[in-house]
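Remarks on the overall topology
So the chains spell out like this:
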Amino acid sequence: MHTHACPRGHHRVGAPEGLRHFPNPDASWGWDSDLEKYYFGYTLFQLSCYNSELRTDIPLLLRFTSARRHDSVNFLAAFHELEKHMPAVSTSNMCLDSAMDNSPTYRILKNRGIRAFIDLNDKCGRPKTIPDTITIDKDGTPLCQEKLRMKPNGYDRSSGYLMWRCPYGKEHCSKCKNSCTDSKYGRVVKTRPEWDIRLYTDVPRGTDAYKKIYDQRTSTRKKKTSKTIRCRCQIILDLDEAHGKYPEAWELAGHC
């Protein structure tokens, strides 16, 4: 939230020399990733919920924070506040942007049984915990010897491995020129979630199921005007008054 106040303040008529007035003393400098420039003001951090059946996006928490505070810190503070003041909210999925792409955030959500849908930060690079014998795409999906993305093939609970199969499946022998294996359904690669909790999420990245849930996050990102915020605050009051009458409205997914 940009403020029109001058960060250097201004001199008031009749005030002692050297004494300046700052109309927004709590405002600070921050980085606007959409405009790609620094701004003077605040950060409006919002946690919202989305109900796919009602197609309704409702904010649960709105907070003005320091513009210089990183969004990853804002999320941890906001999530703690949400748990404290709204313990009845049952969260199944949490959709966040790449600012929250860090291992502690994934672990916090996993410990609470919440599936994480977080954009990857390209600056993180390839994790050293993944064996060099496995070639991966930027989102951790293994690549076959033909440099094609392999398909998720379930989770082996006994061994703790995620299974990935040949993209051609049973048509491997007829469509693929590479004889990487004698198996009729192509090569299988195994990965462990603990190799990197960011890459190997409960719902595999790049799949249609992952994209369907993560696309719901756009409803929050588009709400930027103060008029929209005022209207959405009224929805919070309505939801609080309806608590207990519409229990299905509380089985929601969080977005940021």
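Before reading on, note that the structure itself is shown above.
First things first, this report covers the structure right here in the doc.

What to know about unusual backbone geometry
Notably, glutamate 36 is not glycine yet its phi reads approximately 55 degrees, a positive angle. With respect to the secondary-structure elements, glutamate 36 resides in the loop between β3 (28-32) and β4 (37-51). Of note in the backbone geometry, lysine 147 takes a positive phi value of approximately 65 degrees without being a glycine. With respect to the element layout, lysine 147 can be found in the loop between β7 (115-118) and β8 (151-156).

Thoughts on the environment of alanine 116
Structurally, alanine 116 can be placed in strand β7. The exposure class assigned to alanine 116 is buried, which follows from its relative accessible area of 11%. When the C-alpha positions of alanine 116 and aspartate 202 are compared, they lie 7.6 Å apart, and in sequence the two are 86 residues distant. Other than its neighbours up to four places away in sequence, alanine 116 contacts Met94, Tyr106, Leu109, Thr201 and Tyr210.

Examining the packing of helix α1 (residues 71-85) against helix α2 (residues 103-111)
As a packed pair, α1 and α2 sit with axes 11 Å apart at the nearest point and diverge in direction by 20 degrees. By the angle between their directions, the pair α1 and α2 is classed as roughly parallel. Between α1 and α2 lies a crossing of left-handed hand. Taken together, the residues of α2 that come into contact with α1 (itself represented by Phe75, Leu76 and Phe79) are Thr105, Ile108 and Leu109. Class assignment for the residues of the contact of α1 with α2 results in five nonpolar, one polar and no charged.

Quick word on the packing of aromatic side chains
Taken as a whole, this structure holds seven aromatic pairs when the rule is applied. Considering the side-chain rings of tryptophan 31 and tyrosine 38, the 4.9 Å spacing of their centres and the 70 degrees angle between planes classify their relative orientation as edge-to-face. On the basis of relative accessible area, tryptophan 31 is assigned to the partly exposed category, the value being 48%. Take tyrosine 38: its relative accessible area is 59%, and that puts it in the exposed class. In this structure an aromatic cluster arises from ring pairing among Phe117, Tyr210 and Tyr214. Over the face of the ring belonging to tyrosine 161 we find lysine 190, whose NZ or CZ atom lies 5.8 Å from the ring centre. Sitting above the plane of the tyrosine 161 ring, arginine 192 keeps its charged end 4.1 Å from the centroid.

About the thresholds
Residues numbered from 1 in each chain as written. Predicted model: local features only at pLDDT ≥ 70, side-chain atom pairs only at ≥ 80, totals over all residues. Heavy atoms only, no water. Helix = DSSP H or I, 4+ residues; strand = E, 2+ residues; numbered from the N terminus. Buried < 20%, exposed > 50% of the residue type's maximum accessible area, 1.4 Å probe, protein only. Contact = heavy atoms within 4.5 Å. Axes fitted to C-alpha atoms, helices over the stretch in contact; angles between N-to-C directions. Parallel < 35°, antiparallel > 145°, perpendicular 65-115°, else oblique. Left-handed = near helix turned anticlockwise from the far one by under 90°. Nonpolar A, V, L, I, M, F, W, Y, C, P; charged D, E, K, R; others polar. Phe/Tyr/Trp six-rings, centres within 6.5 Å; stacked < 30°, edge-to-face > 60°. Lys NZ or Arg CZ within 6 Å of the ring centre and 35° of its normal.

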